[in-house]
Amino acid sequence: RDTVAASTASGNASARWTSARTVAKALGLLILVLAFFLAACAAPETVRVERVIDGDTIVIEGGERVRYIGIDTPELSPSPEHYAEEARQRNVELVAGKLVRLQRDISERDRYGRLLRYVYVDGVFVNAALVQEGYARARDYPPDSKRSIYFARLEREAKRDGRGMWAKQNTKIGQPAMVALSLVP
């Protein structure tokens, strides 16, 4: 009887020890996942804009290029597209020489090595402002799609109201107005 009791007590202790180790492993894994998640959702960084390349790309202190997430403005090169200079000029007005807050979505960089970020300055969400004012089109580039529905709505409103590149007087003869392809109806 004492042997059975000792065996049962030993079995219970062993079961408790195994259970405690399982819980410890699970907690360790949870801590690692949480640390990874927090690193991915790091607080936005604040930097100064050294130069504006075009309507959706800037150079920040240290020479790093930043491409705005979720939008696309007309290109300046190799030959300027319709409304490219206006988009660049508006970006200059918004961010040139200023401290901006950069926020990442999912990807760190694009295929050209530029940082991918949402940009904020003086309480203005720059990516959204450029679309809302008709200087940029909404573009969904998965996996960086956190704001794509919002940008698509802003683009529809800009088109409806004829703002920026969507204004009738901005359609050159022989060159149709830019049409944005949107994944959101």
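Conventions adopted
- Residues numbered from 1 in each chain as written.
- Predicted model: local features only at pLDDT ≥ 70, side-chain atom pairs only at ≥ 80, totals over all residues.
- Heavy atoms only, no water.
- Phe/Tyr/Trp six-rings, centres within 6.5 Å; stacked < 30°, edge-to-face > 60°.
- Buried < 20%, exposed > 50% of the residue type's maximum accessible area, 1.4 Å probe, protein only.
- Lys NZ or Arg CZ within 6 Å of the ring centre and 35° of its normal.
- Core = buried A, V, L, I, M, F, W, Y, C linked by side-chain atoms within 4.5 Å.
- Helix = DSSP H or I, 4+ residues; strand = E, 2+ residues; numbered from the N terminus.
- Contact = heavy atoms within 4.5 Å.
- pLDDT = per-residue confidence, 0-100.
- Expected span 1.5 Å × (residues − 1).
- Arc of directions from axis to C-beta.

1. Topic: the packing of aromatic side chains
Here the structure, examined in full by the defined rule, presents seven aromatic pairs. An angle of 15° between the planes, with centres 4.7 Å apart, marks the rings of Tyr-120 and Phe-125 as stacked. Like Phe-125, Tyr-120 is buried. Ring pairs connect the aromatic residues Tyr-118, Tyr-120, Phe-125, Tyr-150 and Phe-151, which therefore count as one cluster. A cation over an aromatic ring shows up here: Arg-147 above the ring of Tyr-118, its NZ or CZ 5.8 Å from the ring centre. One residue, Lys-159, lies across the ring of Trp-166, its end atom 5.0 Å from the ring centre.

2. Let's talk about the nonpolar core
Residues Ile-58, Tyr-68, Val-95, Val-100, Val-126, Leu-130 and Phe-151 are the most contacted members of the largest nonpolar core, which totals 34 residues. Mapped by element, the contributors of at least two residues to this core are β1 (45–54), β2 (57–60), β3 (65–68), α2 (84–95), β5 (99–103), β6 (115–121), α3 (126–132) and α4 (148–161). The biggest single contributor to this core is β6, with six residues. The contact partners of Val-95, leaving out residues within four places of it in the chain, are Val-49, Val-52, Ile-58, Tyr-68, Val-100, Val-119, Val-121 and Val-126.

3. As for the confidence of the model for the chain
For the chain, the mean per-residue pLDDT works out to 83, and 70% of the residues sit at or above 70. Below a pLDDT of 50 lies the segment residues 173–185, which in the model reaches 25 contacts outside its immediate sequence neighbourhood of four places, other chains included.

4. Considerations on α2
The end-to-end C-alpha distance of α2, which contains 12 residues, comes to 17 Å, matching closely the 16 Å that a straight helix rising 1.5 Å per residue would cover. Residues of α2 that are buried: Ala-84, Ala-87, Arg-90, Asn-91, Leu-94 and Val-95. Viewed along the axis of α2, the buried residues span an arc of 130°, placing them on a single side of the element. Immediately downstream of α2, the backbone of Gly-97 shows phi near 75°, a positive value.

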